[in-house]
Amino acid sequence: MEPDADERLGQLLRWKRWEQPDAAFWERFDATFQEKRLRSLAREGWGGWLLRLLRGPGRPALAAAGLLCAVTLLTLPPRPEGIAAAVPRETEFLLLTQEGPAGAVEEEIFDEGDDGFCYVSQAVPWTGAAVLSAYHF
Amino acid sequence: MVDGALLSRPGPAAEVPAEWEDGALATAAQAGSVAAFDALARRHRARLMGMLYHLTGNREDAADLCQDALIRAFCHIRSFGGRSQFYTWLYRIAVNLALEQMRRGRLRRFCSLERLAAAAESDGAVLALASRLKTDRALLMKELQQQINGALQALPPKQRAVVVLAEVEGLPAGEIGQILGCSEGTVRSRLHYARERLKELLHHYLEG
């Protein structure tokens, strides 16, 4: 039985499936696509990147880090004044040493101030270096 | 979202298994894998390009739209909820983009025909037609390509979209409705009117 007009129309439209680009077209297509994608991302700029980060899976970690920074800044004790001046070049001090493993830091109580801070200078043997720490009672 | 792979030239998506289904690739792409998205793009770009070419009748416009649709999908990959097939979602982006460009008159106003695969000459429809019209197959193919594309371009864009998706792409009415954002009834209605119009325009090739 001969196909009717509807069937023939369907056959002609399906024949359009043979309209296909060649391999060279796809090479150019891929190269252009990558360039366009890069340009699109560059246009987004840092604001877009930040927005993606805030919307992304790292959002809880980012929020936690932000909270930690805020808490640290708010609860950090004020730096005691005069700590730089608490390291005179020549001072008499009471030397306290502790028995310990070879190479251990010799602890020296440097100064007990009225401000409630104990300034300790720790000389590291054989290095000529020293670490100054301030401890609050 | 983007890892370092974006900065390199495109190559095989070595870190993504080739046998992964679209859903798995989409999930990986949503997690930030550019390679996974590129695998999806390679898998669907030929069909996407074909659909856009049949819709616009212009090869260069179709290529531009295809790339723009893929970029849009890339940038909005997280909005793919998995409620439809990935290609349905991708087609929807592409068709909406094409219809939008048509509405704004931003597409070229002439047909630029695509290359025909060699197998087109031995297609049953062409053989039957060449025999009925008693004409040379090579000449007939050139003529057919121009006439069919011209007839499609004479349809209103939404009717053209339905015909392309139904007849050329072979999609069911339900999926077409998802792509175009309309009911199955609307799809069937548009398809009916589009076919009637095409039969008028192409009657020379359809008569017994």
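Everything below is about the structure printed above this text.
As the structure is a computational prediction, the values presented were derived from the model and not from experiment.

Undergrad: What is the right way to read the overall build of chain B from this model?
TA: In terms of regular secondary structure, chain B is built from 10 helices and zero strands. Overall, chain B shows an N-to-C arrangement of helices and strands of α-α-α-α-α-α-α-α-α-α. Counting only residues that meet the buried cut, chain B has 52% of its 208 residues in that class. Long-range contacts, defined as pairs at least 24 residues apart, comprise 64% of the intrachain contacts of chain B with a sequence gap of at least 6. For chain B, the computed accessible surface area is about 9800 Å², with 49% contributed by carbon and sulfur atoms.

Undergrad: Please clarify how the packing of helix α8 (residues 173-180) of chain B against helix α9 (residues 184-201) of chain B should be interpreted in this entry.
TA: How two helices sit against one another is set out by the angle between their axes and by the gap between those axes. Residue and element names in this part refer to chain B. Two elements in contact, α8 and α9, have axes whose closest approach is 8 Å; the angle formed by their N-to-C orientations is 100 degrees. By the criterion of interaxial angle, the relationship of α8 to α9 is roughly perpendicular. Contacts from Ala 173, Gly 174, Ile 176, Gly 177 and Leu 180 in α8 reach Glu 184, Val 187, Arg 188 and Arg 190 in α9.

Undergrad: Honestly, the side chain of Lys 36 of chain A in this entry has me stumped. Any pointers?
TA: For Lys 36 of chain A, the position within the fold is in helix α2 (residues 23-55). A residue is classified by how much of its surface remains accessible, and Lys 36 of chain A, at 16% relative accessible area, is buried. Beyond its immediate sequence surroundings of up to four residues, Lys 36 of chain A is in contact with Asp 64, Gln 67, Asp 68 and Ile 71 of chain B.

The rules we used
- Residues numbered from 1 in each chain as written.
- Chains lettered and ligands numbered in written order.
- Predicted model: local features only at pLDDT ≥ 70, side-chain atom pairs only at ≥ 80, totals over all residues.
- Heavy atoms only, no water.
- Helix = DSSP H or I, 4+ residues; strand = E, 2+ residues; numbered from the N terminus.
- Buried < 20%, exposed > 50% of the residue type's maximum accessible area, 1.4 Å probe, protein only.
- Contact = heavy atoms within 4.5 Å.
- Areas by Shrake-Rupley, 256 points an atom, 1.4 Å probe, with all protein chains shown as cover.
- Axes fitted to C-alpha atoms, helices over the stretch in contact; angles between N-to-C directions.
- Parallel < 35°, antiparallel > 145°, perpendicular 65-115°, else oblique.

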